[in-house]
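# Structural overview
Letter by letter, the chains look like this.
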Amino acid sequence: MAKSAAFVHSLCRPIKLIFSKETTDFTTSETNKVLEKASQLLPTLCDNRGSQISVKHNLLLTMADGKVCNALTGTLSSQKCYICGATPKLMNGELKDVVVKKKHYSLGLSTLHAWIRSFECMLHICYCLDIKKWQAKSDIEKASVKQRSEEVRQKFKNQMGLIIDTPKPGYGNSNDGNTARRFFMNPDLSGGITGLDINLIKNFSILLRTLSSGYDINCNKFENLCSKTRTLYLNLYSWYYMPVTVHKILVHSTEVIRTCILPIGQLSEESQEARNKDCRRFPRKQSRIATNIDLLHMLLIISDPVINSLRKVPKKRTDKLPVEVLNLIVQPSILSKVPRQVTCDHDGKDYVVSDSDESNSDD
Ligand SMILES: [Zn+2]
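Residues numbered from 1 in each chain as written. Predicted model: local features only at pLDDT ≥ 70, side-chain atom pairs only at ≥ 80, totals over all residues. Heavy atoms only, no water.

Right, let's talk about the overall build of the chain for a bit. Looking only at helices and strands, the chain has 15 helices and 4 strands in total. Counting every atom, the chain has about 21,700 Å² of accessible surface; 55% of that belongs to carbon and sulfur. (Helix = DSSP H or I, 4+ residues; strand = E, 2+ residues; numbered from the N terminus. Areas by Shrake-Rupley, 256 points an atom, 1.4 Å probe, with all protein chains shown as cover.)

In structure tokens:
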């Protein structure tokens, strides 16, 4: 699990393909089936130079998207927080009467979607800046929002080369993780285009980069910045109800991080989302049957641990973390310089795992 997102992504193995409508009942029953199977897993026994290690397997459901989280927690509205039950009208209030369900912390934070939803929140505040209302109701208000959104979209295209808020043929719209990252990486430029407070964009940028860094986070410092950012948001734009994902980051993220056994950035749904590209890229575009056969074959081949270990993973460009982010993360401890070699017994066969395998790790 200490591998990078890219490496985990290449090991994201398909286990089931079902043609069915994604309803709440269906999601719940399928999740329970997987949890039940996972609970029956036997420990993997390893021999590390004579010491016996038994590895227990524990399934963490942190790659779930918002829709799945809502289904699993019985939250009927997608605008309601599945941790504390706050509705849009309560989001910007003091949150005194909400009841926090701590067991829902285990669903993680969906850090990739956090980037996209925070970016969209900034955009929508910007569109409504002239009317200062959450929703445009009258024709005049609607025209104002439309005009502002068109101007801002054009500016993003001209000044940053970004196509935003535009439907993509076949799937979703153009607001993806990369667009959101570009927006938050340049707070001065983004602030200039949108007319939003630069400090607010900067704070979001620091919080999001810290969350997805993959390192342990200093919870007290992080909590402090979340709280400052929420106050700043409410001072500036209290008329715009905070979207649930932004609320989750600013209000609940520190507690979620505290209960996680791994750095939150390593539990991102990014690796699963990256599979969406493969799902479009691999199959023949013929019949449904041929398409699905191709897809499953390719996913099984490239996620095979042995085949995967032979694959050269391209070096990914890693951005240097700014000092504000470094200030919020805990310095990683160096475990040992001696190369480790562990023999694992799996399915009756012995596998040798050594440190050199981790060269696939690239961020
Ligand atoms: Zn909440």
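Alright, that's what it looks like, and here's the rest.
What follows covers helix α2 (residues 24-39). Residues separated by three or four positions in an α-helix point in the same direction, a consequence of the helix having 3.6 residues per turn. With 16 residues, α2 ought to run about 22 Å at 1.5 Å a step, and its terminal C-alpha atoms sit 22 Å apart, in line with that. Along α2, the residues classified as buried are Thr27, Glu30, Thr31 and Ala38. Axial view of α2: buried residues confined to an arc of 100 degrees, hence all on one face. Turned more than 90 degrees from where α2 packs its buried face, Asp25 and Ser39 sit exposed. Where α2 is buried, its residues touch α3 (66-73). (Expected span 1.5 Å × (residues − 1). Buried < 20%, exposed > 50% of the residue type's maximum accessible area, 1.4 Å probe, protein only. Arc of directions from axis to C-beta. Contact = heavy atoms within 4.5 Å.)

What follows is about the environment of Lys221. Note that Lys221 resides in helix α10 (residues 219-237). It is 8.3 Å that separates the C-alpha atoms of Lys221 and Asn327, two residues lying 106 residues apart in sequence.

Here the phi dihedral of Lys132 falls at roughly 50 degrees; this positive angle occurs in a residue that is not glycine. For Lys132, the position within the fold is in the loop between α5 (111-127) and α6 (139-160). One non-glycine residue, Asp165, adopts positive backbone phi at about 50 degrees. Along the polypeptide, Asp165 turns up in the loop between α6 and α7 (177-185).

Any two of four tetrahedral donors ideally make an angle of 109.5 degrees at the metal, while pairs among six octahedral donors ideally make 90 or 180 degrees. Coordination of the zinc ion by the protein involves Cys81 (SG), Cys84 (SG), His247 (NE2) and His252 (NE2), with metal-donor separations of 2.0 to 2.3 Å. Given 4 donor atoms and angles of 104 to 113 degrees at the metal, the environment of the zinc ion is assigned as tetrahedral. Donor residues for the zinc ion, ordered by position in the chain, follow C-x2-C-x162-H-x4-H. Here the residue Cys81 occupies a position in the loop between α3 and α4 (88-91), and His252 occupies one in helix α11 (residues 244-259), the gap between them amounting to 171 residues. (Donors = N, O, S within 2.8 Å, 3.2 Å for Na, K, Ca; no water. Tetrahedral: all angles 85-135°; square planar, octahedral: opposite > 155°, others 65-115°.)

Taking 1.5 Å of rise per residue, the 19 residues of α10 would be expected to cover 27 Å, and the 26 Å separating its terminal C-alpha atoms lies within 8% of that figure. Inspection of α10 places Cys219, Phe222, Leu225, Cys226, Thr229, Arg230, Tyr233, Leu234 and Tyr237 among the buried residues, and these make up the whole buried set. Around the axis of α10, the buried residues are gathered within 170 degrees of arc, so they sit on the same side. Among the exposed residues of α10, those oriented more than 90 degrees off its buried face are Asn220, Lys228 and Asn235. On its buried face, α10 is in contact with α4, α5, α9 (198-211) and α11.

The next subject is the packing of aromatic side chains. Applying the stated criterion across every chain, the model contains 9 aromatic pairs. Residues Phe156 and Phe183 carry aromatic rings whose centres are separated by 5.9 Å and whose planes lie at 40 degrees to one another, so their mutual orientation is tilted. Here Phe183 lies in helix α7 and Phe156 lies in helix α6, a separation of 27 residues in the sequence. Grouping residues by exposure puts Phe156 and Phe183 together as buried. Aromatic pair Phe183 and Phe184: ring centres 5.0 Å apart, planes at 85 degrees, arrangement edge-to-face. Like Phe184, Phe183 is buried. In textbook terms, an aromatic cluster arises when at least three aromatic residues are bridged by ring pairs, as seen for Trp115, Phe119, Phe156, Phe183, Phe184 and Phe204. (Phe/Tyr/Trp six-rings, centres within 6.5 Å; stacked < 30°, edge-to-face > 60°.)

As paired strands, strand β1 (residues 44-48) and strand β2 (residues 51-55) are joined by 5 bridges and run antiparallel to one another. For Leu45, the partnering residue across the bridge sits in β2 and is Ser54. Hairpin geometry of β1 and β2 is characterised by an intervening segment of 2 residues between the two adjacent antiparallel strands and by a positive phi of about 45 degrees at Arg49. (Pairing = 2+ DSSP bridges.)

This part covers the side chain of Ser110. Turning to its location among the elements, Ser110 is positioned in the loop between α4 and α5. Using a relative accessible area of 7% as the deciding quantity, one classes Ser110 as buried. In this structure the side chain of Ser110 is engaged in a polar contact, spanning 3.2 Å, whose partner is the backbone oxygen of Ala64. Setting aside residues no more than four positions away along its own chain, Ser110 makes contact with Ala64, Lys248 and Glu269. (Polar contact = N/O pair within 3.5 Å; in protein donor to acceptor, adjacent residues only side chain to side chain.)

This brings us to the packing of α5 against α11. Contact geometry of α5 with α11 gives a least axis separation of 8 Å together with a crossing angle of 115 degrees. With respect to α11, the element α5 is oriented roughly perpendicular. Like other packed secondary-structure pairs, α5 and α11 cross with a definite hand, here left-handed. When α5 is examined against α11, the residues His113, Ala114, Arg117, Ser118 and Cys121 are found in contact with a partner set consisting of Thr245, Val246 and Ile249. Class assignment of the residues belonging to the contact of α5 with α11 gives a composition of 4 nonpolar, 3 polar and 1 charged. (Axes fitted to C-alpha atoms, helices over the stretch in contact; angles between N-to-C directions. Parallel < 35°, antiparallel > 145°, perpendicular 65-115°, else oblique. Left-handed = near helix turned anticlockwise from the far one by under 90°. Nonpolar A, V, L, I, M, F, W, Y, C, P; charged D, E, K, R; others polar.)

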